Amino acid sequence: MVVQLTERAGGKPAADACFAPRRLGHVNLYVSDVNRAYAFLNGVVGLDESYVQPLNKAAFLGNNNTHHDIAVIDIHGPLGRGNGVGLNHLAFELENEVDLVAGYERALRAGVKYAMTLDHDIAHSVYGRDPDGVMNEIYADVVKDWRAARSGVVTKPKPKWAPGMTPPTAEANYHVDPPLRRVAGAVFQPRRIVHAALIVSDMGRALNYYTKAVGLTPLIGDAKSPFAVLGGTCGERSLSLFRAGNGRQPGYHHAGFEMWSEDELDAAIARAQARNVKVDFDLSHPFRRSVFLTDPDGFRLQFFVDRGAALAALAETGEDLALYLA
């Protein structure tokens with residue numbers, strides 16, 4: 001099916017949105033073996049260790065752009081027990097903690113329900129679920145030098161916290177242009193995580209949640225569209241929503257990592273072939289070059305380079321192909 005979609009300028013959430021996220025911060029996954037997941041994310045995906053929690057059987061990896069791009073939690077550990085392999089949550093970064101507290105209060109007045117609130121030492125967070133039950137974390141960094149507080153082995157228990165319990169800081173504690181690390185010898189060496197894709201059972205309800213309760217801006221698509229792309233205030237395309245059907249079941253589909261260049265992407269594909277790492281798809285389109293891998297637990301990972309075509313060019317491909325380009 002080919003659809004006509006109109007690209008819209010993004011950056012500012014709706015007036016009645018609860019929050020105004022900057023971007024997708026990280027993806028948190030439940031895995032069957034945290035050591036195996038760590039080895040794949042480090043040696044194949046090219047993410048470095050931020051910190052680990054051996055008592056919780058959890059690891060947090062990134063490349064220094066933030067405290068982590070991906071977290072993996074073992075389903076046999078205390079944090080993962082009772083869960084199956086799958087998405088734990090998607091996390092969206094706010095400008096500061098003042099915005100977090102004010103947004104949380106607006107959300108409660110609007111009837112939004114939250115599962116929990118947490119103090120992570122370096123960030124404060126609230127957690128809610130979308131209409132399909134997908135968990136979302138809305139957070140603000142509260143420490144500028146997260147590396148000093150969260151590196152190596154972390155065993156410190158988390159104190160109780162709720163928005164407003166402590167005076168919120170108005171400081172923007174994220175790093176705008178941090179020096180990014182590369183994992184020497186890794187198959188892929190991406191810049192950072194940029195977006196995630198979900199399959200949703202009801203596009204209207206999903207869009208309402210992610211634009212109002214979360215506060216992302218729709219860049220393309222609406223409630224009647226087969227897919228929509230949403231962004232945050234810093235101008236990135238953070239989340240793609242695709243309508244269930246045609247064999248697509250509701251839930252998490254993939255996370256997308258931006259590569260430095262097409263030449264580096266080609267070099268990574270060559271390394272993958274040399275090391276018998278299977279590349280599932282290699283898609284070339286005026287909008288984006290997009291390559292997919294599947295990790296040992298079946299999670300899809302996209303590595304991409306944008307080519308400059310307008311976002312609306314995705315509509316020309318049809319929704320099935322767009323899912324692997326968005």
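The preceding data block contains the structure.
This section reports on the structure supplied with the text. Along each chain, the written sequence defines residue order, and numbers are assigned to residues from 1. Local features in this predicted model are restricted to residues of pLDDT 70 or higher, and side-chain atom pairs are both shown and tallied only at a pLDDT of 80 or more, whereas totals for entire chains, interfaces and linings draw on every residue. The basis for every side-chain value is the complete set of non-hydrogen atoms in the structure, without hydrogens or water.

### Comments concerning the pattern of salt bridges
Thought 1: Salt bridge, as applied in this entry: a Lys or Arg side-chain nitrogen positioned within 4 Å of an Asp or Glu carboxyl oxygen. All chains considered together, the criterion is met by 20 salt bridges.
Thought 2: Among the salt bridges present, the one from Glu-93 reaches Arg-22, with a minimum N-O distance of 2.4 Å. Of this pair, Glu-93 sits in strand E5 (residues 86-93) while Arg-22 sits in the segment before strand E1 (23-31), placing them 71 residues apart in sequence. As far as burial versus exposure is concerned, Glu-93 and Arg-22 are alike and both buried.
Thought 3: The salt bridge partner of Arg-23 is Glu-93, with a shortest N-O separation of 3.2 Å. Runs of E in the DSSP output that reach at least two residues are strands. Runs of H or I that reach at least four are helices, and both are numbered from the N terminus. Whether a residue is buried, partly exposed or exposed follows from its accessible area with a 1.4 Å probe, protein chains only, as a fraction of its type maximum: under 20%, in between, or over 50%, in that order.

### Structural notes on the nonpolar core
Thought 1: Counting residues in each nonpolar core, the largest one holds 64 residues, and the members touching the most others are Phe-19, Val-72, Phe-188, Tyr-210 and Leu-241.
Thought 2: To form a nonpolar core, buried Ala, Val, Leu, Ile, Met, Phe, Trp, Tyr and Cys residues must be joined to one another through side-chain atoms within 4.5 Å. In this structure, Ile-220, Phe-227, Leu-283 and Leu-311 belong to the second largest nonpolar core, which totals 16 residues.

### What about the pairing of strand E15 (residues 281-284)?
Thought 1: Two strands qualify as a pair provided that DSSP identifies no fewer than 2 bridges between them. Where E15 and strand E16 (residues 288-294) come together, four bridges link them in antiparallel fashion. Directly across from Phe-281, in E16, lies its bridge partner Phe-292.
Thought 2: Where E15 folds back onto E16 in an antiparallel hairpin, the turn is made up of three residues.

### What to know about the packing of aromatic side chains
Thought 1: Aromatic pairing here means that ring centres of Phe, Tyr or Trp (its six-membered ring) are within 6.5 Å. Orientation follows from the plane angle: under 30 degrees is stacked, over 60 is edge-to-face, and everything else is tilted. The final tally for this structure, using the stated rule, is 10 aromatic pairs.
Thought 2: Where Tyr-209 meets Tyr-210, the ring centres are 5.0 Å apart and the plane angle is 85 degrees; that geometry is what we call edge-to-face. Here Tyr-209 matches Tyr-210 in class, with each residue buried.
Thought 3: With a centroid separation of 4.9 Å and 50 degrees between ring planes, the pair formed by Phe-281 and Tyr-324 is classed as tilted. Residue Phe-281 is located in strand E15, and its partner Tyr-324 is located in helix H6 (residues 319-325); the two are separated by 43 residues in the primary sequence.
Thought 4: Relative accessible area serves as the criterion here: at 18%, Tyr-324 is assigned to the buried category.
Thought 5: Joined through ring pairs, the aromatic side chains of Phe-188, Phe-257 and Phe-303 make up one cluster.
Thought 6: Any Lys NZ or Arg CZ that is within 6 Å of a ring centre and within 35 degrees of that ring's normal is treated as a charge sitting over the ring. Directly above the ring of Phe-304 sits Arg-288, whose terminal nitrogen or CZ lies 3.9 Å from the centroid.

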